[in-house]
Amino acid sequence: MTQDELKQAVAQAAADYVAANVPAGSIIGVGTGSTANFFIDAIAPLKDKYKGAVASSEATKKRLEGHGFPVLDLNDVDSIPVYVDGADEIDGGLNMIKGGGGALTREKIVAAVAQTFVCICDASKRVEVMGKFPLPVEVIPMARAHVARELAKLGGTPVLREGFVTDNGNLILDVKGLAITDPKGLEAQINQITGVVTNGLFAVRPANVLLLGTAEGVKTIV
């Protein structure tokens, strides 16, 4: 199977998971990225079953609305039973690196509200130790140089994501060369750097369920 075929299979499995586990009339949290896009396409036929969705990016909002799926502001939502999103890397503890698409802050906010986080990805994203994929860190523009110096002290090499501005008007530093053996500790440490909005480690709030696309089919890992 090609990578896109694996993504489509796991996206359909996520749509089936939502249909089976999320009550009608609920609100669904939807992530950002290529695998999340396949999920949006797969969940679109159920748009009349659910009240709507909360989107983690402007791109996701546009794709949902293109399918006729109502998109709600998170401030108007009390609870989200499930949040479905991909990952750039995920380890055995279901800790993740996210933010390759630059939507990490909004993704982290929606995930914080959701009761269940369902991660959908293909087997290439499963790793023993995270860090081969550069860790995205969203920063306030005026703090870029300061944050970069502090990140370098942690042993990584921060690189500005050229020509990119987040939906929040901020910049992304991608930190290369990390071997992340304490995801929760590093997540908290980076977030304490003045000028950091948040970073792409999802360890304080990891996934609850992993739907992993493999050549042998979609595996469910909890």
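Before any of the text, the structure's been laid out above.
In this report, we go over the structure that sits alongside the text. From a predicted model like this one, the values you see are computed outputs, not experimental measurements.

## Some words on the environment of valine 82
Line of reasoning, step 1. As for its placement among the helices and strands, valine 82 is situated in strand 3 (residues 80-85).
Line of reasoning, step 2. Valine 82 gets classed as buried once you look at its relative accessible area, which sits at 1%.
Line of reasoning, step 3. Measuring from C-alpha to C-alpha, the distance between valine 82 and valine 147 comes to 33 Å, with 65 residues separating the pair along the chain.
Line of reasoning, step 4. Among residues more than four places away in sequence, those in contact with valine 82 are Tyr17, Val18, Val22, Ile28, Gly29, Ala114, Thr116 and Val118.

## Brief notes about the side chain of serine 56
Line of reasoning, step 1. Relative to the assigned elements, serine 56 resides in the loop between strand 2 (52-55) and helix 3 (58-66).
Line of reasoning, step 2. Taking the relative accessible area as the measure of exposure, serine 56 reaches 0% and is therefore buried.
Line of reasoning, step 3. A polar atom in the side chain of serine 56 sits 2.7 Å from the side chain of threonine 32.
Line of reasoning, step 4. Beyond its immediate chain neighbours, meaning those up to four positions away, serine 56 contacts Val30, Gly31, Thr32, Tyr83, Ala103, Arg106, Glu107 and Val110.

## A word on the packing of helix 1 (residues 3-21) against helix 2 (residues 34-43)
Line of reasoning, step 1. Close contact between helix 1 and helix 2 brings their axes to 8 Å; oriented N to C, the two are set at 50°. Classed by the angle they form, the pair helix 1 and helix 2 counts as oblique. As helix 1 packs across helix 2, the resulting crossing turns out to be right-handed. Contacts from Asp4, Lys7, Gln8, Val10, Ala11, Gln12, Ala14, Ala15 and Val18 of helix 1 reach helix 2 at Ser34, Thr35, Phe38, Phe39, Ala42 and Ile43.
Line of reasoning, step 2. When its residues are assigned to classes, the contact of helix 1 with helix 2 shows 9 nonpolar, 4 polar and 2 charged.

## A few points about helix 1
Line of reasoning, step 1. Spanning 19 residues, helix 1 covers 27 Å between terminal C-alpha atoms, matching the ideal 27 Å at 1.5 Å per step.
Line of reasoning, step 2. Within helix 1, the full set of buried residues consists of Leu6, Lys7, Val10, Ala11, Ala13, Ala14, Ala15 and Val18.
Line of reasoning, step 3. The elements touched by buried residues of helix 1 are strand 1 (27-30), helix 2, strand 3, strand 6 (114-122), strand 12 (209-214) and strand 13 (217-221).

## Comments concerning the sheet that holds strand 3
Line of reasoning, step 1. Read from one edge to the other, the open sheet built from 6 strands follows the order 2-1-3-6-12-13, with strand pairing classed as mixed. Each edge of the open sheet carries a strand with a single partner, namely strand 2 and strand 13. Ignoring which end each strand starts from, the neighbouring axes of this sheet average 20° apart.
Line of reasoning, step 2. Looking at chain direction, strand 1 and strand 3 are connected through 3 bridges and run parallel. When the sheet's bridge partners are listed, glycine 29 is paired in strand 3 with tyrosine 83.
Line of reasoning, step 3. Along the sheet, helix 1 contacts strand 1, strand 3, strand 6, strand 12 and strand 13; its crossing angle with strand 12, the most-contacted strand, is approximately 145°.

About the criteria used
Residues numbered from 1 in each chain as written. Predicted model: local features only at pLDDT ≥ 70, side-chain atom pairs only at ≥ 80, totals over all residues. Heavy atoms only, no water. Helix = DSSP H or I, 4+ residues; strand = E, 2+ residues; numbered from the N terminus. Buried < 20%, exposed > 50% of the residue type's maximum accessible area, 1.4 Å probe, protein only. Contact = heavy atoms within 4.5 Å. Polar contact = N/O pair within 3.5 Å; in protein donor to acceptor, adjacent residues only side chain to side chain. Axes fitted to C-alpha atoms, helices over the stretch in contact; angles between N-to-C directions. Parallel < 35°, antiparallel > 145°, perpendicular 65-115°, else oblique. Left-handed = near helix turned anticlockwise from the far one by under 90°. Nonpolar A, V, L, I, M, F, W, Y, C, P; charged D, E, K, R; others polar. Expected span 1.5 Å × (residues − 1). Pairing = 2+ DSSP bridges.

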